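Each chain is listed here by its residues.
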Amino acid sequence: MVNKNLKNIILELYPTIERSDLKSIKTFQESKLKELLVYLKSNSPFYQKLFIENKIDINEIKTLEDLTKIPTTSKNDIQANNQDFFCVPQTEIVDYSTTSGTLGDPVTFGLSDKDLERLAYNEAISFACAGIQKGDVVQMITTIDKRFMAGLAYFLGLRKMGASVVRMGPGIPELQWDSIFRYQPKYLITVPSFLLKMIDYAEKHGIDYKNSSVYGVVCIGESIKNQDFTDNILSKKIKNRWDIQLFSTYASTEMSTAFTECEFQIGGHHHPELIITEILDENENPVKEGESGELTITTLGVEAIPLLRFKTGDLVKAHYEPCKCGRNTMRLSPVIGRKQQMIKYKGTTLYPPVMNDILNDFNNILCYQIVIKSDEIGLDEIIIKLSTDNEDENFVNEVRDHFRAKLRVGPKIEIVDFDVLSKIVYDPNSRKPINFIDLRT
C-alpha cells in the first residue's frame, strides 16, 4: 500500500505528459483547448460576446495554430469587463485575489474550490521541479494575505506535496534567521534582493549563515538570470557571499500557473496540462523560433475566470530543446521586460531589468528607484533616485559613466536620504520592492 501511494505521488508531482514527445503534448493540448472553448461558449459572458462579434465558430478551432483566428485579450479587457469574465456564480467563489490594473483600479480574480485545487497542483509540481520533496521544511518569506494569490498558492502547493511550511512573511532579517536556526528549513521562498539584506544582517551580528540548513531558494518577483541563463549581477552578488542554489520562477495571477527551473536551471518549465503558450510579435503573429515576443497564454482547467489568448505584457523567448531533466516541454527565458515599460531614451530602447543590473553592480547603493516620466515635449525622461553610503562626490559620475558604458546613455541621478527612499521602495503594502515607477501618461 505504501509503495502504491508513493507511486501515485511520483506520478502526480512528475506528470508523464511533460516527458512525452512533442507530438503527444500538442495532441493533448488541442483536446484540452476544445474542452475550454465549449466551456467558454456556455459560461463566459465576455467570450460569448467575443465569439458572436467576430463570427467565430468554435468547431473550426481544432489545432493550436487555429488560435490565431481568435482575437487576443488584454488586462484592459478584464478591467473594463471584470464581472463578465466570471464563469461561475458568486456562491461558488471561495477566494478572491487581486492584481494591479493598467487603468488604475485592481483587477479581481475569483477562485472556485476546483481552482484552488488546480493552484495547489501547479505549485506542487513546480516546487518538485526545483527539487523540493515530501518532508522538506520550507520557509515562506512572502505574504499570504492582502489578496495575494502567490502566497496562498505557495502554501497550498507545499501542503499538497507533503512539505513542512514555516510561514514567516516578508522582512525583519532577525526573525528570519531565528526561524532558520529554529526550524532548519532546506528551502526559502523570497524576493532575491532580500537575501542580501539577510546576509548583511548576519554578518553584522555574527550569525554563521554559511553553515545554516538552507540549501536553495525559490526566487520570486525579480530576475536572477541573463538571457543565456547565466547568473545576472544580483544572483552573483548573492552567491559570492552565500553558497546556495537559486531557482528562478515566473508566474502571474492571471495565469494561476508557474514556470519554474529544474536542477539544470536553464529556464522555467512549461506545464502543458495547465496552460497553452504563444509568443507573439507586435502584429500578434507567432514569432520565429529563437525570437522574443509577448507571452500570450490560454489557461486550462480554470473554472471561475478562464482566459483565452491573454496577452501578459511580458516579453520573453521560448526554448524548445529537451532538458537533461527528462522534460520535453518548452522553457521560458527570463523576462526581457514588460511591453508597457519600454523606454525610448535618446534613441535607445531600454527596459527596467537592464537598468536594475547596472545599479546592482554597485555595492555602495543601499536602495534605488527608477522613475520614468515625460518631459515638456513628450519624450521619455529617466531619473535614478538612489541612496548610498559612498560619500565621494564623484560617485554619481561613476554611476552615470557605468550607464553610458553599458547602454550608451546617462540618465539623471538624484541622491536621496536612505530613511526617505527606503520607505518608498519597501512599502509594507507592496509585495516586492518598488524599484520602478512609470509616471508617463
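Because the structure is predicted, anything quoted here is derived from the model rather than measured.

Caption draft 1: Here's a closer look at the confidence of the model for the protein. The pLDDT averaged across the protein works out to 89; a share of 94% of its residues lies at or above 70. When pLDDT is averaged over each helix and strand of the protein, the minimum, 55, is found for helix H1 (residues 2-13) and the maximum, 98, for strand E3 (residues 137-140).

Caption draft 2: Region of the structure containing the pattern of salt bridges. For the coordinates displayed, the defined rule picks out 19 salt bridges. Salt-bridge contacts for Glu30 lead to Lys26; the nearest nitrogen and oxygen are separated by 2.4 Å. Of the two residues, Glu30 and Lys26 both sit in helix H2 (residues 22-43), four residues apart, roughly one turn of that helix. Residue classification places Lys26 among the partly exposed residues on the basis of a relative accessible area of 28%. The salt bridge involving Arg241 is made with Asp200; its shortest N-O contact spans 2.7 Å.

Caption draft 3: Highlighting the sheet that holds strand E19 (residues 412-415). Overall, mixed pairing links the four strands, which are arranged E19-E18-E17-E20 in an open sheet. Each end of this open sheet is capped by a strand with a single partner; those strands are E19 and strand E20 (436-438). Strand-to-strand, the axes of this sheet are offset by a mean angle of 20°, without reference to chain direction. By the bridge criterion, nine bridges tie strand E17 (residues 365-374) to strand E18 (residues 380-388) in an arrangement that is antiparallel. Across the sheet, Tyr368 pairs through a bridge with Leu386, a residue of E18.

Caption draft 4: Representation of the nonpolar core within the structure. Counting 40 residues, the largest nonpolar core has Tyr47, Phe51 and Leu308 as the members making the most contacts within it. Broken down by secondary-structure element, the contributors of at least two residues to this core are H2, helix H3 (45-53), strand E2 (107-112), strand E10 (275-280), strand E11 (292-299) and strand E12 (310-319). Ignoring sequence-local partners within four residues, the contact set of Tyr47 consists of Leu40, Thr73, Phe85, Pro306, Leu307 and Leu308. Of all hydrophobic cores here, the second largest spans 22 residues; its members include Ile358, Phe362, Val399 and Phe403.

Caption draft 5: Molecular detail of helix H5 (residues 113-129). Helix length check: H5 (17 residues) gives 25 Å between terminal C-alpha atoms against 24 Å at 1.5 Å per residue, within 8%. The buried fraction of H5 amounts to 14 of the 17 residues, a majority that puts the element mostly inside the structure. Downstream of H5 by one or two residues, Gly131 has phi in the positive range, about 105°.

Caption draft 6: Just the domain arrangement of the protein, in detail. What the domain assignment lists for the protein is domain 1 (10-338) and domain 2 (342-439). Using only C-alpha atoms to locate each centre, domain 1 and domain 2 end up separated by 28 Å. With 20 residues of domain 1 at the interface, the matching set in domain 2 holds 15 residues. Roughly 1400 Å² of surface becomes buried between domain 1 and domain 2 when both sides are summed, with 50% attributable to carbon and sulfur atoms. The interface formed by domain 1 and domain 2 contains zero salt bridges. Linking domain 1 with domain 2 are two residue pairs in polar contact (both at pLDDT 80 or more). The element contributing the most residues to the side of domain 1 that touches domain 2 is helix H9 (residues 233-239), with three residues.

Caption draft 7: The arrangement of the packing of helix H10 (residues 352-360) against helix H11 (residues 395-407) in detail. At their nearest, the axes of H10 and H11 sit 10 Å apart, and the two run at 135° to each other. Regarding the angle of H10 to H11, the classification is oblique. Crossing of H10 against H11: the hand is right-handed. The segment H10 lies against H11, with Val354, Met355, Ile358 and Leu359 engaging Val399, His402, Phe403, Lys406 and Leu407. Here the residues of the contact of H10 with H11 sort into seven nonpolar, one polar and one charged.

Caption draft 8: How the structure looks around H2. Counted at 1.5 Å a residue, the expected span for H2 with its 22 residues is 32 Å, and the 31 Å between its end C-alpha atoms agrees. Where H2 is buried, its residues meet H3, E10 and E11. At the N-terminal end of H2, a side-chain oxygen is found 3.1 Å from the backbone nitrogen of Lys23, two or three residues along, and the residue is Asp21.

Caption draft 9: Structural view of the side chain of Thr312. The topology assignment puts Thr312 in strand E12. One polar contact links the side chain of Thr312 to the main-chain amide nitrogen of Asp314, over a distance of 3.2 Å. Sequence-distant contacts of Thr312, defined by excluding residues within four places in its chain, comprise Tyr250, Glu294, Leu295, Ile297 and Arg338.

Caption draft 10: Inspection of the pairing of strand E5 (residues 187-190) at higher detail. Along E5, one buried face is formed by Tyr187 and Ile189 and the opposite face, lined by Leu188 and Thr190, is buried too. As defined by bridge partners, E3 adjoins E5 across three bridges and the pair is classed as parallel. Its bridge partner lying in E5, Gln139 is registered against Leu188. Bridge count for E5 against strand E6 (residues 216-219) is four bridges, and the pairing is parallel. Note on E6: the bridge partner recorded for Ile189 is Val218. Considered for its hand, the β-α-β crossover made up of E5, helix H8 (residues 192-204) and E6 is right-handed.

Conventions used here
- Residues numbered from 1 in each chain as written.
- Predicted model: local features only at pLDDT ≥ 70, side-chain atom pairs only at ≥ 80, totals over all residues.
- Heavy atoms only, no water.
- pLDDT = per-residue confidence, 0-100.
- Helix = DSSP H or I, 4+ residues; strand = E, 2+ residues; numbered from the N terminus.
- Salt bridge = Lys/Arg side-chain N within 4 Å of Asp/Glu carboxyl O.
- Buried < 20%, exposed > 50% of the residue type's maximum accessible area, 1.4 Å probe, protein only.
- Pairing = 2+ DSSP bridges.
- Axes fitted to C-alpha atoms, helices over the stretch in contact; angles between N-to-C directions.
- Core = buried A, V, L, I, M, F, W, Y, C linked by side-chain atoms within 4.5 Å.
- Contact = heavy atoms within 4.5 Å.
- Expected span 1.5 Å × (residues − 1).
- Domains from an automatic or database assignment.
- Buried area = accessible area lost by both parts, 1.4 Å probe.
- Polar contact = N/O pair within 3.5 Å; in protein donor to acceptor, adjacent residues only side chain to side chain.
- Parallel < 35°, antiparallel > 145°, perpendicular 65-115°, else oblique.
- Left-handed = near helix turned anticlockwise from the far one by under 90°.
- Nonpolar A, V, L, I, M, F, W, Y, C, P; charged D, E, K, R; others polar.
- Right-handed = clockwise from strand over helix to strand, strands pointing away.

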